Number of protein chains: 2
Amino acid sequence: MAKVAILGFGTVGSGVLEVLRRNAASIERRAGCPVEVKYICDIRDFSQHPDAPLFVKDIDPIVRDPEISVVVETIGGVQPAYRYVKAALESGRHVITSNKELVAEHGAELLAIARRCGVCYLFEASVGGGTPIITPMHQCLAANVITRIVGIINGTTNFMLTKMAHEGMEFDAALALAQSLGYAETGDPSDDVDGVDAQRKISILASLAFGRQFFPQNVPVRGIREITVQDMVQAARQNAAVHLIAWAKRWEDGSAALGVEPMLVPNQNQLAGVEDVFNAVLVEGDMLGEVVFYGKGAGKLPTASAIAADIIDALKNGVQIHDSLFWQESEPIEGVYENPQKGDYYIRLRNATPAVSRDLFGDAIEMLEVREGEAMFNVRNITEREINAICRTAQSAGVQIGSILRHLKN
Amino acid sequence: MAKVAILGFGTVGSGVLEVLRRNAASIERRAGCPVEVKYICDIRDFSQHPDAPLFVKDIDPIVRDPEISVVVETIGGVQPAYRYVKAALESGRHVITSNKELVAEHGAELLAIARRCGVCYLFEASVGGGTPIITPMHQCLAANVITRIVGIINGTTNFMLTKMAHEGMEFDAALALAQSLGYAETGDPSDDVDGVDAQRKISILASLAFGRQFFPQNVPVRGIREITVQDMVQAARQNAAVHLIAWAKRWEDGSAALGVEPMLVPNQNQLAGVEDVFNAVLVEGDMLGEVVFYGKGAGKLPTASAIAADIIDALKNGVQIHDSLFWQESEPIEGVYENPQKGDYYIRLRNATPAVSRDLFGDAIEMLEVREGEAMFNVRNITEREINAICRTAQSAGVQIGSILRHLKN
């Protein structure tokens, strides 16, 4: 019998309780023993809940109880989750989490503690909801050197972009709809629309793939606030779809770059057709070529079922999982993990003529349309740094930058 | 140090040698020890090969050598692979294979032998080439009851159908191209084009998902020989693409149906855009909803890298993998695992008028086009058994059946 404590009884935490009970028989068969929830830790009042006797307000009774072998952390955020996870690992309990913020900020440290204490720290549910991404990456691609990751890993923004592309909704209306459906925070939606959530997730994937800690705050980011229906029209005319893409790339010399940015994804790319709240992550291995993992990026039961699979994995395989699921500590850098490569960009300037556009970006730009005072064009073969420098010049000359969308190359 | 023997030095077998050497360092780190090939068993003459000293002509020296812990079987076919695999398992060696025919015919028996002998029998490479499908299915979806599998799992036919759809090639030309590129057998291509290969792979996936052995010969099959460019045109007009789909479905009462058949896949379905030799498998879990695994379905290094990942898995986790990677023995049935559900079908009759079509399939058919003596129409809400009965009637009345393509429902 394995006894589990759940920290945080929100959407995901309550889903874990439900999944462990509903599929108890098959989970028992696969884990090799019954798996039962003994404690639920939440500071809120659940005295009227059918499982009221399970609730505690603090982690102390959990770490003092020698029967508990697995702690599920679904609190989210860095504190108090960090303190709780550390205490659980150091007292010899496996920790399973969906908390991407904590993994992205402190993953290397917590993995090292887990390894030292002979337990697991697993986080399949932190990226892609229930879609298996992390386990296939470290296990099935074990014989590969991973060179590139390209993903749609924020369901909320992908839902909004789908509505903008197919129903002609502008950003504000799409955001209001996402909020009314519970996909986006009703208070401050910036974690989603400004790419913060995607920065965390791509940091986790890159850390795992490349073997050292990458920090979310060092990932250059461009959100989707500036995107308009007009950009969607221009994308469609170029046989592409607009998605918020999180990517990471490693070169042969070991150097790496990461980014989160809205991109024009050519229709023939497998990621182009990923719509609504779905996620998809393309992983390129040196032996395997490209594989794509696709599924719903969020949701109570999908995410909870990923946590349940991690519980089974921890009970069966223990700390040796960390022979492959591991990365080294490193320090955050000054600045960002800059993209050194030249690329092609679609650009929309808010108040600019073709002449002004050419003054700024050069005579070689391909003008697509001028409409309601906005200039839309492609710029070929230019670095991110050059784009940013030109944008600073433009802004100081009073030109408003609309969208900057890189063309994704296959 | 783990010592490996490779049985069969064809494309995949030589790929395994290459992958184990090229990524030796990361494989050692993940497996916990160096992994080295000690024998290669092949009846052909490799005396001029740089690794000539490794070659043996029979399995005997391998099973007599106590140093060998892993046997890789890439011979293909049932015999002598079956005898070799059994001998290896019974002498206490893990067996890793890409041999889908053997797994599909004797999987349950060989899994039971592996479990009894305390070793692994792993076959990730048998479906989807290097694309991780089997491991995520049994491991990441461990907390799910799998209810449905829908896949494009034969790269050769998918390549041919892509050429027919996009370049207007007829079947014979597409087959000749596939043969010239090495995708299809130059002798008898029927394993691919008649769906035999897909029958084997879907049997493996269904056996794993549903927990009991399903046999390839019981899977109802319709190949792609009858498909014409005209069918591609009709599919496109209905916003769909034609793919050879292998599927399996289980109902709540435990009954199951399987099939391999060309289908009209609506463009908004994630499988519609899968082109060329790529494979994609959609798996539906009761908690998770739909996930899709996508990648190149074949190729020397991708397939070999899946075998290498299985070797690592066997060395690290041993026989306990079979707590979840397992299915029960069962007997082949008389007849086929019939699809009991009604569906919608697109049908092309070779020499029939609309009146004859209506006589056969009813007045409610939706006539799409009559062209060069061929009638093309949709029939709604009809079972496979009814379709087959009508086709027998038609043929006895001298009407030639062209294509029968079910519309895939999301």
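The structure we're discussing is the one just above.
Residues numbered from 1 in each chain as written. Chains lettered and ligands numbered in written order. Predicted model: local features only at pLDDT ≥ 70, side-chain atom pairs only at ≥ 80, totals over all residues. Heavy atoms only, no water.

Here B:Thr228 shows up in the loop between helix H10 (196-210) and helix H11 (229-237). For B:Thr228, a relative accessible area of 18% gives the class buried. (Helix = DSSP H or I, 4+ residues; strand = E, 2+ residues; numbered from the N terminus. Buried < 20%, exposed > 50% of the residue type's maximum accessible area, 1.4 Å probe, protein only.)

The next subject is empty space enclosed by the protein. Evaluation of the coordinates by the stated rule reveals nine cavities of 30 Å³ or more. Taken as a whole, the largest cavity encloses approximately 290 Å³ of empty space. In terms of lining residues, the largest cavity is bounded by 23 residues, among which A:Gln139, A:Asp313, A:Asn317, B:Gln139 and B:Asn317 are the most central. Those elements that provide at least two residues to the lining of the largest cavity are helix H6 (134-140) and helix H12 (300-317) of chain A together with helix H6 (134-140) and helix H12 (300-317) of chain B. Residue composition of the lining of the largest cavity, by class: eight nonpolar, nine polar and six charged. (1 Å grid on protein atoms, 1.4 Å probe; cavity = no way out; pocket = protein on both sides within 12 Å on 5 of 7 lines; lining within 4 Å. Points joined across faces, edges and corners; volume = space filled by probe spheres on them. Nonpolar A, V, L, I, M, F, W, Y, C, P; charged D, E, K, R; others polar.)

Before going further, it helps to spend a moment on the relation of the copies chain A and chain B. Superposition of the two copies of the chain requires a rotation about an axis together with a shift along that axis. When chain A is fitted to chain B, the best match, at an RMSD of 0.0 Å, comes from turning it 180° and sliding it 0.0 Å along the axis. Both chain copies can therefore be described as sitting about a two-fold axis. Relative to the rotation axis, the C-alpha of A:Phe293 is the closest in chain A, positioned 2.5 Å from it. Mapped onto chain B, 100% of the interface residues of chain A again fall at the interface, so both copies present the same surface. (Least-squares fit on C-alpha atoms with pLDDT ≥ 70 in both. Contact = heavy atoms within 4.5 Å.)

Here we come to the pattern of salt bridges. Applying the stated criterion across every chain, the model contains 56 salt bridges over all chains. One salt bridge connects A:Glu90 with A:Arg116, and the closest N-O pair in it is separated by 3.9 Å. Here the residue A:Glu90 occupies a position in helix H4 (residues 81-90), and A:Arg116 occupies one in helix H5 (residues 100-117), the gap between them amounting to 26 residues. Residue classification places A:Glu90 among the partly exposed positions, given a relative accessible area of 45%. Salt-bridge contacts for B:Asp344 lead to B:Lys409; the nearest nitrogen and oxygen are separated by 3.3 Å. (Salt bridge = Lys/Arg side-chain N within 4 Å of Asp/Glu carboxyl O.)

All names here are of chain A. Look at helix H2 (residues 24-31) against H12: their axes get within 9 Å of each other, and the N-to-C directions meet at 30°. Here H2 lies roughly parallel to H12, going by the angle between them. Crossing of H2 over H12 shows right-handed handedness. Every residue of H12 that contacts H2 at Ile27, Arg30 and Ala31 is listed here: Ala308, Ile312, Leu315 and Lys316. Across the contact of H2 with H12, the residue classes tally to five nonpolar, no polar and two charged. (Axes fitted to C-alpha atoms, helices over the stretch in contact; angles between N-to-C directions. Parallel < 35°, antiparallel > 145°, perpendicular 65-115°, else oblique. Left-handed = near helix turned anticlockwise from the far one by under 90°.)

A:Ile62, A:Tyr121, B:Ile62 and B:Tyr121 are the most contacted members of the largest nonpolar core, which has 239 residues in total. Excluding residues that lie within four positions of it along the chain, B:Tyr121 makes contacts with B:Val85, B:Leu89, B:Val95, B:Thr97, B:Leu102, B:Val103, B:Leu110, B:Leu111, B:Ala114, B:His322 and B:Leu325. Counting residues in hydrophobic clusters, the runner-up holds 32 residues, among them A:Ile245, A:Leu282, B:Leu271 and B:Phe278. (Core = buried A, V, L, I, M, F, W, Y, C linked by side-chain atoms within 4.5 Å.)

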